[in-house]
Amino acid sequence: MKFINTRNPNQSATFREAVLRGVAPAGGLWMPEALPVFEDWDSLLQLRWVERSEIILRRFIGDEFDQDAFAAAIHSALDFPIPLTQVRRGLYALELFHGPTLAFKDVGARFFAHILDLIREPGTPLTILTATSGDTGAAVAQAFWQRPAVRVVVLYPKDRVSELQERQFATLGDNITALAVEGSFDDCQALVKACFNDADLSARHGLTSANSINVARLLPQMLYYAEAVAQLHKQDVRDGIVIAVPSGNFGNLCAGLMAKQTGLPLRALVAATNANTTVPHYLDSGEYLPQTSIATISNAMDVGAPNNWERIQYLFEGDIHSLRQALRWGFKNDADTKRSIRELMGMGYLADPHAAVAYAVLEERLGLCETGVFLGTAHPAKFLPVYVPMGIQVPIPDALEALRKRPLLSKEIPNEIAAVRQALENC
Ligand SMILES: *Cc1c(COP(=O)(O)O)cnc(C)c1O
């Protein structure tokens, strides 16, 4: 399948080229040329998670790879469970946080790391440069940690990610460098973009993006929407499935919309944001007005200028009317989010703040005879500063507990391209 530049439909790339370039020319993003519609969803949905995932990915990009190596990469990248937990009648959480860094970004990051092994030029320098609002850095750093001939540089907004999130990427060392930027996540993203736009710097270090702008992160995220539907079908729930997606950069939602366009039987997706309301405001008013980001307790969604929105616009050819038909939407502030966490606890379910936002918007948008699923994008233990003041005890998984004892290895830098350039030369 060919991949097309969202800013210039005349420019196309193979999957391999799109992954290595990260950003498309003129600051565009790579998207599959035309999404295939699968006529065999009924039988696909009866397959097991990894087998189904392999078949779907093969239809998109399989022709570029040796078949056995491709299968092996997918099987080791997607080797953790994606349970669908019933919260109450007609309401489920799809738990995407059972991978190594306890967040859904493990799905994209692990696939990216494994597939990159198959597509990179041996013997050339390779540096993964990525901006994170928390979970991306953790997932990417862990996915590449101690892999040969690749290094990872993570930029993150100083004091705006949770302590445990920071420890997941800033205590690793070896081939992982963490830079704490004096600025917001949007500033970090702008710095990363500026580095990629510097052709000389980019070539010298073999800069590659692992952000949700990389198409290798995007594609595998389609797969768990199918898994949610498959698990519901097993319970004889077939109609009126609505999935709510806690959104920041909108890569996750974009992947869900792509899955829906391939014919996956979903009635609607719900775009849920926190106080960063650029997208809900657009869907309400038709005006797209990027904002500076606002800090909230669901901090992985603190994005005022979501990168992947351009992909969703491309997918719907900029037609807000068809977008409004595929989507429902809403936003919740921190007080609503805390109320939802307590409400879910009352049903015996402990949700992380991002999942709680999705749940709260879903509750408002779900019809009477529909079945709702909200995506559990992270384990609640990653956000202790939210729960401690609420008097809620969160069990800490062993993997996180061990990190607390490790020293932080990050470097603080000002919000300046020169500082990033210097760090790239020195690490
Ligand atoms: C990254 C992240 C999100 C937002 O996902 P996008 O694809 O950027 O919209 C939501 N929840 C958690 C826990 C995350 O880490």
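Preceding this section is the structure that the text describes.
What you are looking at is a predicted structure, and each value in this text was computed from that prediction instead of being measured.

Burial analysis of strand β6 (residues 127-131) places five of its five residues in the buried class, which makes it a mostly covered element. Taking every second residue as pointing to the same face, both faces of β6 are buried, with T127, L129 and A131 on one and I128 and T130 on the other. In the sheet, β6 pairs with strand β7 (residues 151-157) via five bridges, with the strands oriented parallel. Within β7, the residue paired with I128 across the bridge is V152. Since β6 and β7 lie parallel, the crossover through helix α6 (residues 135-144) that links them has a hand, and here it is right-handed. Strand direction decides the pairing type here: β6 and strand β9 (residues 207-209), joined by three bridges, are parallel. When the bridges of β9 are listed, I128 appears paired with T208.

This next bit is on the sheet that holds β9. Pairing within the open sheet is parallel, and its five strands lie in the order β9-β6-β7-β8-β14. Taken across any chain shown, the strands that pair with only one partner, and hence form the sheet edges, are β9 and β14 (411-413). Neighbouring strand axes in the sheet, compared pairwise and without regard to direction, differ in orientation by 30° on average. Docked against the sheet, helix α8 (residues 185-197) engages β6, β7, β8 (176-181) and β9, running at close to 150° with respect to β6.

Taken in spatial order, the six strands make up an open sheet running β4-β5-β13-β10-β11-β12, and their pairing is mixed. The sheet terminates laterally at β4 (84-88) and β12 (327-331), the two strands that pair on one side only. Strand-to-strand twist of the sheet, defined as the mean angle between neighbouring strand axes without regard to direction, takes the value 25°. As paired strands, strand β10 (residues 241-246) and strand β11 (residues 268-273) are joined by five bridges and run parallel to one another. If you follow P246 over to β11, its bridge partner there is A272. Seen against the sheet, helix α12 (residues 251-261) touches β10, β11, β12 and β13 (371-376) and runs at an angle of roughly 175° to β11.

The rules behind the values
Residues numbered from 1 in each chain as written. Predicted model: local features only at pLDDT ≥ 70, side-chain atom pairs only at ≥ 80, totals over all residues. Heavy atoms only, no water. Buried < 20%, exposed > 50% of the residue type's maximum accessible area, 1.4 Å probe, protein only. Helix = DSSP H or I, 4+ residues; strand = E, 2+ residues; numbered from the N terminus. Pairing = 2+ DSSP bridges. Right-handed = clockwise from strand over helix to strand, strands pointing away. Axes fitted to C-alpha atoms, helices over the stretch in contact; angles between N-to-C directions. Contact = heavy atoms within 4.5 Å.

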